[in-house]
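# Structural description and commentary
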Protein chains: 2
Amino acid sequence: MASRPSSLGYALLGLLHFAPQSGYDLRKTFLTTPLSVFSDSPGAIYPALRRLARQGWIAAQPGARGGRRRQVFAPTAAGRRAFRDWLGHRPTRDDVARGWGVLMLRLAFMGAVPDAPLRTFLEAIRSELQAHVAELARFEAQRAAEMPLEGRLAFASGLQGYRAQLAWAESALAKARRKEKR
Amino acid sequence: MASRPSSLGYALLGLLHFAPQSGYDLRKTFLTTPLSVFSDSPGAIYPALRRLARQGWIAAQPGARGGRRRQVFAPTAAGRRAFRDWLGHRPTRDDVARGWGVLMLRLAFMGAVPDAPLRTFLEAIRSELQAHVAELARFEAQRAAEMPLEGRLAFASGLQGYRAQLAWAESALAKARRKEKR
DNA sequence: GATCACATGTAAGAAGTTACATGATTCT
DNA sequence: AGAATCATGTAACTTCTTACATGTGATC
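Residues numbered from 1 in each chain as written. Chains lettered and ligands numbered in written order. Predicted model: local features only at pLDDT ≥ 70, side-chain atom pairs only at ≥ 80, totals over all residues. Heavy atoms only, no water.

## Topic: the overall build of chain A
Per the secondary structure count, chain A includes eight helices and three strands. Along its sequence from the N terminus, chain A presents helices and strands in the succession α-β-α-α-β-β-α-α-α-α-α. On the principal axes, the C-alpha backbone points of chain A span a range of 70 × 45 × 35 Å. For chain A, buried positions account for 45% of its 182 residues. Surface summary for chain A: the accessible area is close to 9,700 Å², and the carbon and sulfur share equals 52%. Charge separation in chain A, taken as the distance between the mean sites of 29 positive and 14 negative side-chain charges, equals 10 Å. (Helix = DSSP H or I, 4+ residues; strand = E, 2+ residues; numbered from the N terminus. Buried < 20%, exposed > 50% of the residue type's maximum accessible area, 1.4 Å probe, protein only. Areas by Shrake-Rupley, 256 points an atom, 1.4 Å probe, with all protein chains shown as cover. Lys, Arg positive; Asp, Glu negative; His and termini not counted. Charge placed at Lys NZ, Arg CZ, Asp CG, Glu CD.)

## Digging into the protein's contact with DNA strand C
Every one of the 21 residues lining DNA strand C counts as a neighbour, but Ser6 and Ser39 of chain A together with Tyr24, Arg27 and Gln71 of chain B are closest to it. Backbone atoms, meaning sugar and phosphate, make up 76% of the atoms of DNA strand C lying within 4 Å of the protein. Within the side chain of Tyr46 of chain B, an N or O atom sits 3.1 Å from a phosphate oxygen of DNA strand C. Between DNA strand C and the protein, one listed contact pairs a phosphate oxygen with a backbone N or O atom of Gln71 of chain B at 2.7 Å. Among the elements that make up the surface near DNA strand C, the one with the highest residue count is helix H3 (residues 42–54) of chain B (four residues). (Near = heavy atom within 4 Å. Polar contact = N/O pair within 3.5 Å; in protein donor to acceptor, adjacent residues only side chain to side chain.)

## A closer look at the protein's contact with DNA strand D
As a structural note, the neighbourhood of DNA strand D is formed by 21 residues, with Tyr24, Arg27 and Gln71 of chain A together with Ser6 and Ser39 of chain B the closest of them. Counted by atom, the contact set of DNA strand D within 4 Å of the protein is 72% sugar and phosphate. In this structure, a phosphate oxygen belonging to DNA strand D sits 3.4 Å away from a main-chain N or O atom of Gly23 of chain A. Residue Tyr46 of chain A places a side-chain N or O atom 3.1 Å away from a phosphate oxygen belonging to DNA strand D.

## Let's talk about the sheet that holds strand S3 (residues 72–75) of chain A
Residues and elements named next belong to chain A. Read across the sheet, three strands follow the order S1-S3-S2 without closing on themselves; strand pairing throughout is antiparallel. Edge strands, defined here as strands with exactly one partner in the open sheet, are strand S1 (21–22) and strand S2 (58–60). Bridge analysis of S1 against S3 gives two bridges, and the strand direction is antiparallel. The partner of Gln21 across the bridge, within S3, is Phe73. (Pairing = 2+ DSSP bridges.)

## Brief notes about the relation of the copies chain A and chain B
For these two chains of identical sequence, chain A goes onto chain B by a turn of 180° and a shift of 0.0 Å along the axis, with RMSD 0.0 Å. Taken together, the turn and the small shift mark the pair as related by a two-fold rotation axis. Both copies contact each other with a shared surface, as 100% of the interface residues of chain A are interface residues in chain B too. (Least-squares fit on C-alpha atoms with pLDDT ≥ 70 in both. Contact = heavy atoms within 4.5 Å.)

## Thoughts on the side chain of Glu150 of chain B
Mapped onto the elements, Glu150 of chain B comes out in helix H8 (residues 149–181). Accessibility expressed as a relative area gives 5% for Glu150 of chain B, which makes it buried. Once residues within four sequence positions are removed from consideration, Glu150 of chain B is found in contact with Leu107, Ala108, Met110, Gly111, Leu118 and Lys179 of chain A.

## Let's talk about the sheet that holds strand S1 (residues 21–22) of chain B
An order of S1-S3-S2 (chain B) is seen for the three strands of this open sheet, with the pairing classed as antiparallel. Only two strands of the sheet have a single partner each, and these edge strands are S1 and strand S2 (58–60) of chain B.

Here's what the structure looks like:
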C-alpha cells in the first residue's frame with residue numbers, strides 16, 4: 001500500500017467528486033478560482049493523478065472520445081471511501097494551528113459528498129481553536145515584555161488571525177445547525 | 001552564485017542576527033516558540049546551515065571551545081547585507097495572499113537590524129491587502145450563489161481572515177508611526 | 001560505570017519547481 | 001498552410017521528511 005496522498009492529491013480527488021474531468025480541466029480550476037493555493041504546473045498535477053490512479057482511487061473513463069486525446073478521470077468506489085475517511089476524521093490541534101488551508105479544503109469538499117459530518121467537524125475546530133488561542137494568549141502574557149515592537153506585532157497578527165477564525169467558527173456552526181433543522 | 005535560500009534558510013539567518021548560536025540552539029528555538037512552523041528536524045537544519053555557510057552568509061566562529069564539540073555560527077558581512085535586502089523589498093500581492101507567514105517572519109526580524117523600513121513595509125502590506133480583499137469580495141458577490149453552503153463557509157473563512165489582517169495592519173501602522181516620532 | 005542529554009550527521013525517498021518537449025486539433 | 005491552443009509528458013534539481021547512526025560530556 002502506498003503512502004497517503006499530499007494535500008494536492010486530495011484536492012484533485014475532491015474536485016473529481018464534483019465532476020469527472022481531465023488534468024487540463026483541473027489545472028484551469030487551480031488557475032481561475034481561490035484554489036490557486038495549489039500549483040497549476042503540469043509537473044505537479046500529472047504525476048499526482050498517476051499516483052492516485054496507481055493507488056486505485058481514481059480511474060480514467062473509457063473512451064467515447066472522438067475528440068482530442070484526453071483522459072477524463074473519475075473517483076472509484078475505493079477512492080470515494082478514502083475521501084470520506086479523509087473528510088471525516090476529527091480536526092486536531094495541529095490541523096488548526098498549522099494546517100488551516102487543508103481544513104478549509106476539507107470543509108469546501110463536504111458539499112460534494114452526502115451526509116458529511118459538517119457539525120461535528122466545526123465543533124472540533126472551535127474547541128481546538130479555543131485551546132490554541134488560550135495558549136497563545138498565555139505565551140503573550142509571559143513573554144511579550146521581552147520582545148521588540150516588531151516581534152510583538154508579528155505575534156499579534158497570528159493571535160488576531162486565530163481569534164477571527166474562532167468568531168468565524170461560531171457563526172459557521174450556527175449556520176450548519178440551521179441547515180440541519182431542515 | 002547559488003539560488004536563494006528557502007524560508008527556513010532566512011529564518012536561521014535571522015535568528016543568528018539576534019545572537020550567534022549553534023544548530024542545536026536553533027532547533028530548540030523552533031521547538032519552544034511560535035516559530036514552530038519550521039521543522040526542528042536535524043535533516044532540515046544542518047543542511048540548511050551548510051548551504052548558508054557555502055554561500056558565505058554565515059560562518060562558524062573559531063574555537064574557544066574547551067567544552068562540547070559544537071559549531072557556533074554568526075552572520076558575515078555579506079550575510080547581513082543579504083538579510084537586509086530580504087527584509088527591505090516591497091511586499092507583493094502574492095506575499096500577502098499566499099505568503100503571510102513569511103511576511104510575519106520578516107516583520108519579526110526587523111527588530112534585529114537597525115533602521116529597518118518598518119513603516120513602508122506595513123504600508124505596502126495594507127495596500128496589497130486592500131486590493132486582495134476587494135477582489136475576494138467581488139468573487140463572492142459573483143459566485144457565492146452557485147456555491148454549496150460548505151464552499152461558502154470555507155470562502156468566508158478566507159475573506160474574514162484577510163479582513164482581520166487588514167485591521168491588524170492599520171493598528172500596527174499606528175504603533176509604528178508612534179515609535180518613529182520618538 | 002551506566003545512562004541520559006547534548007550535538008551533529010547522513011541516507012533514502014517523496015513531492016514540487018522550472019523548463020523543455022511533443023503531438024493533436026482547431027482557427028484564420 | 002501556419003499559428004495558436006489543447007493536453008500530456010518528462011528530466012534535472014531542490015528541499016524536506018523520516019529514520020537511523022555516532023560520539024561526547026554530564027549526571028546519578
